[in-house]
Amino acid sequence: MSSFLRRRPQVIALLTPLLLWCAYPGGGEFWPLLTIALVPLMVALTFMNARQALWTGLVAGTLQYLLLLYWIVVVLGRYGGLPIFIAVPALVLLAFYMAIYLAVFTLLGRLLFTAANPCVVLFSVPALWVGLDWLRGQLFTGFPWMDIGYALGSVPQLIQSADIFGHGGLSFLVVMINACLALIVCGKKEWRKILPLAIPTCVLLCITGYYSNTRWQDVEENLNVAKNDSIVIGIVQGNIDQSIKWSPNNQQQTLSVYLQNSQSLFKEKRPDLIVWPETALPFYPQTYPDFGLLQGFVAQFDSAVLTGAPWYEIVDRKTKDIRYYNSAQLLEPQGNFGSYYYKSHLVPFGEYVPLKKLLPFLAPLVEAVGDFSPGEIGEPLEWRGARIGVLICFEAIFPDIARAWIESGANVLVNLTNDAWYGKSSAPHHSMVMSVFRAVENRRSVVRSANTGISGFIDPLGRVEEPSEIFTTWAQAENVPLMNGKTIFVRWGYMFPPGCLVMALLLTSITVRQRRRSASKS
C-alpha cells in the first residue's frame, strides 16, 4: 500500500469524493464516514509536487460535484429545454468550476502538510477549507451547495454549536478531525510526536459535545415556555407536475388542488396561516379571472394564505417598462394582499440570464414571461403575532439571507420552494438539511413548503416533524413556536468563515516565508 501510494497518490486521493458521497444525504447517508473521508486526499498530498496537487484537486473536485450535482442535467434538459449535448457539458463545466476551490485547497494544503509545523497544520488546514467554502458562496452570486458541515444536518444532536459559528464551525471541526488523522498516518515512525496532536482535537470535540448537550436542554426548555407564544401553520404540498404547471389549461385545476388540501387541514386544527410553495399560483394574481375562489376561501375560514406567485409592476406605461418578480404574497381574510416579499437572490440562468444579449440560446431557461428583477429584504411579513422572514427557493442555502431576516425582527422563517426541477434525485434531501441549519443557526422555526417535497416543520433544535415524501400530495398543520432574541451567530459568529480565510492565508504566507528562509540558509 505504501509503495502504491508513492507511485499513484492521485488514485488514493480519488477515494475522498467517493467517501463523501457515501456520507452525504441522498447518497450513502452514512455520516460517520465524514471523520475519515478527507484522509486519503490529505495523505496523498504529502506524496505530490505542486503541479500534481493542483491537478488532483481539479479531478477529485470535479468528480465530487458531478456526484453531488448530477441533477443539473434534469433541470437543464427536461425543464430548461436544452438538448442533452448542451446539458451534460454544462454540468461538467459547473462541476469543474466548483472543483477550482478544492484545487486551491490541495495546492495550499500540500504546502502546509509538507512544510508547516503539525500544530499549524491542525488549525490552518480546516481554516483554509472553511474559508474557501465561504468564498465559493460569495463569488459570482455564490453557490454554497452542500458544504461538508451540512452532511451532519440529519443528526440534530450534533449540530447545536451552529448557533455560535454557523455550519462553517461544524465544517471546521470535521476537517480538523480528518487533518489530525492524516497527520498521525503521515507521522510514520514519529507517531509518538504526532499522536499528542489528537489532544486539541479531542478537547474541541468534547467542548462541542458538551455545549450541544447543554444547549439542547436550554432550547428545549425555551420551546416549552414558547408554547403560549405560537401560531398554527398549515403546509400544502400540491405535487404539481412541472411539465404542465404553467399551462393555462391547468391553472384552475392547480388552484383547486391547493384549495381542497388547505380545506382538509381545518378538520383537525384551525390554521391561522396556510403556506403554499414557490409559484404555487402559476399565474399573475392581478389578472387571473378566477382569483375570487382564493379570496372566498380565506374569508370563509378566517385564515391567511402565504403563497408563492409571479408578480409584475408597471413602472412606466408609456415606455412599457414592466418589472417581473418571483414573489411571496400574504393574502388576508379581507381578500387583499397585506404584505409581500420579492425574491432578492435570483438564480442565474434560471430566473434571469446574465449577459442575455450575448447568450441568447440560454433564454429558454427563464421560467417567466420576462426576466425576474431582484427584490430587497425589508420588514418581516406580519400576521397574528408571527413576523415572517421568507426564503424563496435556494435562498435557504445562504446563511446571510436568513440572518438578515432575523436582524429585521423575524420570529419565524418560511421557505417556499419548488423542488420539482430536481426530479427524484438527492437535491431535495440536500435542500432540506441545509434548511435545518438555518433553524439552528438562528434559533427559529423553519416552515418549509415545497411543491413536490420535501416539506415539513423544522423546530429551532433542527428536528424535522414528520417530513413529507417527495412527489406526493401532502398537507399538515402544526403549532409553531415563535422565538425571539439573537444568537451569537447572528450577532458576530457569521464572521467565522471569512475570518478563517484570512487566518489560513496568513499562516500559509508565513509558512512560505519560513520555507524560503530555510532554503536560502541551506
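Presented here is a report on the structure given in the accompanying data block.

Here is what the cut-offs are and how they apply
- Residues numbered from 1 in each chain as written.
- Predicted model: local features only at pLDDT ≥ 70, side-chain atom pairs only at ≥ 80, totals over all residues.
- Heavy atoms only, no water.
- Helix = DSSP H or I, 4+ residues; strand = E, 2+ residues; numbered from the N terminus.
- Rg over C-alpha atoms; globule rule 2.2 N^0.38 Å.
- Buried < 20%, exposed > 50% of the residue type's maximum accessible area, 1.4 Å probe, protein only.
- Contact = heavy atoms within 4.5 Å.
- Pairing = 2+ DSSP bridges.
- Salt bridge = Lys/Arg side-chain N within 4 Å of Asp/Glu carboxyl O.
- Axes fitted to C-alpha atoms, helices over the stretch in contact; angles between N-to-C directions.
- Parallel < 35°, antiparallel > 145°, perpendicular 65-115°, else oblique.
- Left-handed = near helix turned anticlockwise from the far one by under 90°.
- Nonpolar A, V, L, I, M, F, W, Y, C, P; charged D, E, K, R; others polar.
- Patch = residues over 30% accessible without salt bridge, like charges linked within 9 Å, V, L, I, M, F, W, Y side chains within 5 Å.
- Areas by Shrake-Rupley, 256 points an atom, 1.4 Å probe, with all protein chains shown as cover.
- Right-handed = clockwise from strand over helix to strand, strands pointing away.
- Core = buried A, V, L, I, M, F, W, Y, C linked by side-chain atoms within 4.5 Å.
- Expected span 1.5 Å × (residues − 1).

## Focus: the overall build of the protein
For the protein, the count of helices and strands is 17 helices and 12 strands. For a compact globule of 522 residues, the expected C-alpha radius of gyration is about 24 Å, and the protein comes in at 24 Å, within 12% of that figure. The principal-axis extent of the C-alpha atoms belonging to the protein is close to 85 × 55 × 40 Å. Within the protein, buried positions represent 56% of all 522 residues. In the protein, 73% of the contacts between residues at least 6 apart in sequence involve partners at least 24 apart.

## Describing the pairing of strand S5 (residues 337-342)
Bridging between strand S4 (residues 321-331) and S5 involves five bridges; their strand directions are antiparallel. Looking at the pairing, Gln-329 lines up with Tyr-340 of S5. Connecting the antiparallel pair S4 and S5 is a turn made up of five residues, with Gly-335 showing a positive phi of about 95°.

## Details of the pattern of salt bridges
Should the charged atoms of two oppositely charged side chains come close, the side chains can pair. Inspection of every chain in the model, using the stated rule, returns 14 salt bridges. Residue Arg-403 pairs with Glu-407 through a salt bridge whose shortest N-O separation is 3.6 Å. Taken together, the residues Arg-403 and Glu-407, both in helix H14 (residues 399-407) and four residues apart, mark about one turn of the helix. Here Arg-403 falls in the buried class, since its relative accessible area comes to 14%. Here Glu-407 falls in the partly exposed class, since its relative accessible area comes to 37%. Lys-486 is paired through a salt bridge with Glu-407; the nearest N and O atoms lie 2.8 Å apart. A residue pair is termed long-range when its members are at least 10 positions apart, and Lys-486 in the loop between strand S12 (474-481) and helix H16 (488-491) and Glu-407 in helix H14 qualify at 79 residues.

## Section: the sheet that holds S5
Taking strand neighbours across the sheet as the criterion, the six strands line up as S5-S4-S3-S2-S1-S12 in an open arrangement whose pairing is mixed. Sheet topology places S5 and S12 at the edges, where each strand pairs with a single neighbour. Direction aside, neighbouring strands of the sheet carry axes that sit 40° apart on average. Bridge count between strand S2 (residues 273-275) and strand S3 (residues 304-316): three bridges; the pairing is parallel. Its bridge partner being in S3, Ile-274 is matched across the sheet by Val-305.

## What to know about the packing of helix H7 (residues 84-115) against helix H17 (residues 496-521)
Their axes nearest at 10 Å, the elements H7 and H17 cross at an angle of 55°. The orientation of H7 relative to H17 falls into the category oblique. Handedness of the H7/H17 crossing: left-handed. Residues Leu-108, Arg-110, Leu-111, Leu-112, Thr-114 and Ala-115 of H7 pack against Leu-505, Thr-508, Thr-511, Val-512 and Arg-515 of H17. Of the residues assigned to the contact of H7 with H17, the class counts are six nonpolar, three polar and two charged.

## Some thoughts on a nonpolar patch on the surface
A surface patch of nonpolar side chains, about 390 Å² in accessible area, is lined by Ile-84, Phe-85, Val-88 and Val-92. Mapped onto the elements of the fold, Ile-84 is located in helix H7. Classification of Ile-84 by relative accessible area gives exposed; the value is 56%.

## Overview of the environment of Leu-66
Secondary-structure assignment places Leu-66 in helix H5 (residues 50-68). In this structure, the C-alpha to C-alpha distance between Leu-66 and Leu-94, residues 28 residues apart in sequence, is 8.7 Å. Discounting residues that sit within four places of it in the chain, Leu-66 has contacts with Leu-91, Val-92 and Ala-95.

## As for the pairing of strand S9 (residues 446-450)
A regular strand places its side chains on the two faces of the sheet in alternate fashion. With five of five residues buried, S9 is to be regarded as a mostly interior element. Where burial is concerned, the two faces of S9 agree: the one with Val-446, Arg-448 and Ala-450 and the one with Val-447 and Ser-449 are both buried. A crossover links strand S8 (residues 412-417) with its parallel partner S9, the connecting element being helix H15 (residues 427-442), and its sense is right-handed. Remark: five residues form the turn of the hairpin made by S9 and strand S10 (residues 456-458), two consecutive strands paired antiparallel; Gly-453 in that turn has positive phi of roughly 95°.

## Observations concerning unusual backbone geometry
Here Gly-453 and Ile-454 are connected by a cis peptide whose omega angle stands at 15°. On the secondary structure map, Ile-454 appears in the loop between S9 and S10. A positive phi angle is found at Asn-239, which is not glycine, with a value near 55°. Relative to the helices and strands, Asn-239 is located in the loop between strand S1 (230-237) and helix H12 (251-264).

## Here's the deal with the nonpolar core
If you look at the biggest cluster of nonpolar residues, it comprises 119 residues, and the most contacted ones within it are Leu-69, Trp-145 and Leu-273. Looking at this core element by element, the count peaks at 10 residues for helix H9 (residues 162-187). When near neighbours in sequence (up to four residues on either side) are disregarded, Trp-145 contacts Tyr-65, Leu-68, Leu-69, Trp-71, Arg-136, Ile-397, Tyr-422, Ala-427, His-430, Ser-431 and Met-434. Val-236, Trp-276, Val-298 and Phe-301 belong to the second-largest nonpolar core, a separate cluster that totals 24 residues.

## A closer look at the sheet that holds strand S6 (residues 381-383)
Across the sheet, six strands lie side by side as S6-S7-S8-S9-S10-S11; this open sheet has mixed pairing. Each of the sheet's edge strands pairs with one partner strand only, and the pair in question is S6 and strand S11 (464-465). Judged from the two bridges that link them, S10 and S11 form a sheet pairing that is antiparallel. Bridge assignment links Phe-457 to a residue of S11, and that residue is Glu-465. The strands that H14 touches are strand S7 (386-392) and S8; relative to S7, the one it contacts most, it runs at about 160°.

## So, H15
The end-to-end C-alpha distance of H15, which contains 16 residues, comes to 23 Å, matching closely the 22 Å that a straight helix rising 1.5 Å per residue would cover. Among the residues trailing H15, Arg-443 stands out with phi positive, at a value near 55°.

## Details of the side chain of His-430
Turning to its location among the elements, His-430 is positioned in helix H15. In this structure His-430 comes out as buried when scored by relative accessible area, which is 1%. In this structure, His-430 is in contact with Pro-25, Leu-68, Trp-145 and Met-146, ignoring residues within four places of it in sequence.

## Description of the environment of Thr-114
By secondary structure assignment, the location of Thr-114 is in helix H7. Exposure remark for Thr-114: the relative accessible area of 37% places this residue in the partly exposed category. For the pair Thr-114 and Thr-46, spaced 68 residues apart in sequence, the C-alpha to C-alpha distance is 6.0 Å. Residues within four places of Thr-114 in sequence aside, it is in contact with Thr-46 and Arg-515.

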